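# Topology and contacts: notes
What follows is the residue order along each chain.
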Amino acid sequence: MKAVLADYRTAPIDEKLRAMLGLLETFTQRPDELTAADVRAVLATGVSREAIRDAFYVAFLFNTYDRLADTLGWDLPEDRYYAKAGKFLLKQGYRL
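Residues numbered from 1 in each chain as written. Predicted model: local features only at pLDDT ≥ 70, side-chain atom pairs only at ≥ 80, totals over all residues. Heavy atoms only, no water.

### A word on the overall build of the chain
Helices and strands together make up the secondary structure of the chain, namely five helices and zero strands. Of the regular secondary structure in the chain, the N- to C-terminal order runs α-α-α-α-α. Overall, the chain is about 40 × 30 × 30 Å in size when its C-alpha atoms are taken along their principal axes. Expressed as a percentage of the 96 residues in the chain, the buried residues total 22%. A sequence separation of at least 24 residues applies to 40% of the contacts in the chain between residues at least 6 apart. Accessible surface, the chain as shown: approximately 7,800 Å² in total, 60% of it carbon and sulfur. Taking the average location of the 14 positive side-chain charges in the chain and that of its 14 negative ones, the two points are 8 Å from each other. (Helix = DSSP H or I, 4+ residues; strand = E, 2+ residues; numbered from the N terminus. Buried < 20%, exposed > 50% of the residue type's maximum accessible area, 1.4 Å probe, protein only. Contact = heavy atoms within 4.5 Å. Areas by Shrake-Rupley, 256 points an atom, 1.4 Å probe, with all protein chains shown as cover. Lys, Arg positive; Asp, Glu negative; His and termini not counted. Charge placed at Lys NZ, Arg CZ, Asp CG, Glu CD.)

### With respect to helix H2 (residues 15–29)
The terminal C-alpha atoms of H2, which comprises 15 residues, lie 21 Å apart, in line with the 21 Å expected from a rise of 1.5 Å per residue. The inward-facing, buried residues of H2 abut helix H3 (36–44) and helix H4 (49–72). (Expected span 1.5 Å × (residues − 1).)

### Considerations on the packing of aromatic side chains
This structure, assessed with the given rule, holds two aromatic pairs. A ring pair is formed by Tyr81 and Tyr82, whose centres lie 5.4 Å apart and whose planes are at 75 degrees; its orientation type is edge-to-face. (Phe/Tyr/Trp six-rings, centres within 6.5 Å; stacked < 30°, edge-to-face > 60°.)

### A word on the packing of H2 against H4
It is at 10 Å that the axes of H2 and H4 come closest, and there the two elements cross at 40 degrees. By the criterion of interaxial angle, the relationship of H2 to H4 is oblique. When you trace H2 past H4, the crossing you get is right-handed. On the side of H2, the interface is formed by Met20, Leu23, Leu24, Phe27 and Thr28, while H4 contributes Ala51, Ile52, Ala55, Phe56, Ala59, Phe60, Asn63 and Arg67. (Axes fitted to C-alpha atoms, helices over the stretch in contact; angles between N-to-C directions. Parallel < 35°, antiparallel > 145°, perpendicular 65-115°, else oblique. Left-handed = near helix turned anticlockwise from the far one by under 90°.)

### A short note on the pattern of salt bridges
Under the counting rule described, the total for this entry stands at six salt bridges. Between Arg9 and Glu25 there is a salt bridge, with the nearest N and O atoms lying 2.8 Å from each other. Taken together, the residues Arg9 in the loop between helix H1 (2–6) and H2 and Glu25 in helix H2 connect sequence positions 16 residues apart. Residue classification places Glu25 among the buried positions, given a relative accessible area of 19%. For Glu78, the salt bridge goes to Arg80, with nearest N and O atoms at 3.3 Å. In this structure, Glu78 and Arg80 share a single accessibility class: exposed. Bridged by salt links that share partners, the residues Asp7, Arg9 and Glu25 form one connected network. (Salt bridge = Lys/Arg side-chain N within 4 Å of Asp/Glu carboxyl O.)

So, in structure tokens, the structure goes:
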């Protein structure tokens, strides 16, 4: 995890994940540069359309929440919240 957070491009991870993280980086930081060719490149690694769709849904929500929090000055939870929330998400996923 530390290697991925430091730089996913050089981290020892599966090429599918690396491609998806690159796509999500463009989606988040430079959405005006995102093209169909970017998505096709991720599909070519073996990532399914459904996985790309789901990743975009999750990224969209996190991006929206993040921008709202920055704009409205929302307070961040304490650090211990993130560990608890992470365990919950690993167990339950993002379904409601």
